[in-house]
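One letter stands for each residue in the lines below.
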Amino acid sequence: MNNRHTLLTSLATLLIGALVFPYHAFAFKRIFLTTTGVQTWVAVSDWSSVNTVEVIGAGASGGDGSNQGGGGGGGGAYASIFNYATTSGVSVTYQVGVGGIAVANGSGVYGGDTFFNRASGSATTCDAGAATLSVCAKGGAGGEEASPWPGGSGGTTTPSIGTTKNAGGSGG
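The structure presented is a predicted model; accordingly, all values stated were derived computationally and were not measured.

K.L.:
Just checking my understanding: could you explain the overall build of the protein for this structure?
P.N.:
Helix and strand counts for the protein come out as 1 helix and 7 strands. Of the regular secondary structure in the protein, the N- to C-terminal order runs α-β-β-β-β-β-β-β. For the protein, the residues scored as buried account for 33% of the 172 residues in total. Contacts in the protein between residues at least 24 apart in sequence constitute 67% of all its contacts with a sequence separation of at least 6. Roughly 9,900 Å² of accessible area belongs to the protein as shown, and the carbon and sulfur atoms make up 57% of that amount.

Below, the structure written as structure tokens:
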């Protein structure tokens, strides 16, 4: 095979790829939902069943050891699902977890769980399970106030819900 044949084959493959997968087929839209607490989002008119929904649990606050410092709060977990099915105009209940609140002379406060598509009930944590929530990421644990001032653990993959799940980092 000579270089000319290889070049022509490569150009033909590129052209066929452009015809089969036109550029606009790869266009995407990112939607960020950042208001904390339980909220409602209405699916946009151009919603596609080819999508990824990603959530991150809130980080926790660090502990305060009364003039001795304290452990740092753990980071929230990550979870995602692919191809979430809904139609435009449908309301979806979601929650963006609230970060742990700072404390004086005490252990840190847990970060809130973040979820998307609560199908029923009033659950606000991943503990509700996959029958109630489509995707959920656990918040981090608060740092300790007492010696040896350990950091809080990161949000865990259990009971987080999703096809991809990663634990949050531990506090220092």
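K.L.:
Can you help me understand the state of the cysteines in this one?
P.N.:
Every disulfide links exactly two cysteines, by a covalent bond between their sulfur atoms. Inspection of the entire model under this criterion finds 1 disulfide. The disulfide partner of Cys 126 is Cys 136, and the gap between their sulfur atoms is 2.1 Å. The disulfide joining Cys 126 to Cys 136 has a torsion of about -90° about its S-S bond and is therefore left-handed. A residue pair is termed long-range when its members are at least 10 positions apart, and Cys 126 in the loop between strand E5 (114-118) and strand E6 (133-137) and Cys 136 in strand E6 qualify at 10 residues. For Cys 136, a relative accessible area of 0% puts it in the buried group.

K.L.:
Hey, could you run me through the pairing of E5 in this one?
P.N.:
Side chains on a regular strand alternate between the two faces of the sheet. Of all 5 residues in E5, 5 are buried; the element is thus mostly enclosed. As judged from the 2 bridges shared by strand E4 (residues 91-96) and E5, these two strands associate in the antiparallel manner. Looking across to E5, one finds that Tyr 94 is bridged to Phe 116. Looking at chain direction, E5 and E6 are connected through 4 bridges and run antiparallel. Directly across from Thr 114, in E6, lies its bridge partner Ala 137.

K.L.:
What is the right way to look at the pattern of salt bridges in this model?
P.N.:
Oppositely charged side chains are able to pair whenever their charged atoms sit close together. One pass over the full model with this rule turns up 3 salt bridges. Asp 113 is paired through a salt bridge with Lys 138; the nearest N and O atoms lie 3.1 Å apart. With Asp 113 in the loop between E4 and E5 and Lys 138 in the loop between E6 and strand E7 (164-166), the pair connects residues that are 25 residues apart, well separated along the chain. In this structure Lys 138 comes out as buried when scored by relative accessible area, which is 18%. Here Asp 127 makes a salt bridge to Lys 138, at a shortest N to O gap of 3.7 Å. In this pair, Asp 127 is assigned in the loop between E5 and E6 and Lys 138 in the loop between E6 and E7, connecting sequence segments 11 residues apart. Under the relative-accessibility criterion, Asp 127 is labelled exposed at 54%. Bridged by salt links that share partners, the residues Asp 113, Asp 127 and Lys 138 form one connected network.

K.L.:
Looking at this structure, I do not really get the pairing of strand E3 (residues 78-82). What am I missing?
P.N.:
For strand E2 (residues 52-56) and E3, the ladder comprises 5 bridges, and the chain directions are antiparallel. When the sheet's bridge partners are listed, Val 53 is paired in E3 with Ile 81. In this structure, E3 lies alongside E7, joined through 3 bridges in antiparallel fashion. Its bridge partner lying in E7, Ser 80 is registered against Thr 164.

K.L.:
I tried to follow the sheet that holds E4 on my own but got confused; where do I start?
P.N.:
As a general point, the strands of a sheet are linked pairwise by backbone hydrogen bonds and lie either parallel or antiparallel. The 4 strands are arranged E1-E4-E5-E6 in an open sheet whose pairing can be described as antiparallel. Looking at strand neighbours, the two that pair on one side only are strand E1 (37-42) and E6, the edges of this open sheet. Neighbour to neighbour, the strand axes of the sheet diverge by 15° on average, direction disregarded. Sheet topology places E1 next to E4; 6 bridges connect them, and they run antiparallel. Bridge pairing in E4 places Val 42 opposite Ser 91.

Analysis parameters
Residues numbered from 1 in each chain as written. Predicted model: local features only at pLDDT ≥ 70, side-chain atom pairs only at ≥ 80, totals over all residues. Heavy atoms only, no water. Helix = DSSP H or I, 4+ residues; strand = E, 2+ residues; numbered from the N terminus. Buried < 20%, exposed > 50% of the residue type's maximum accessible area, 1.4 Å probe, protein only. Contact = heavy atoms within 4.5 Å. Areas by Shrake-Rupley, 256 points an atom, 1.4 Å probe, with all protein chains shown as cover. Disulfide = S-S within 2.5 Å. Pairing = 2+ DSSP bridges. Salt bridge = Lys/Arg side-chain N within 4 Å of Asp/Glu carboxyl O. Axes fitted to C-alpha atoms, helices over the stretch in contact; angles between N-to-C directions.

By themselves, these are just geometric observations and shouldn't be taken as functional.
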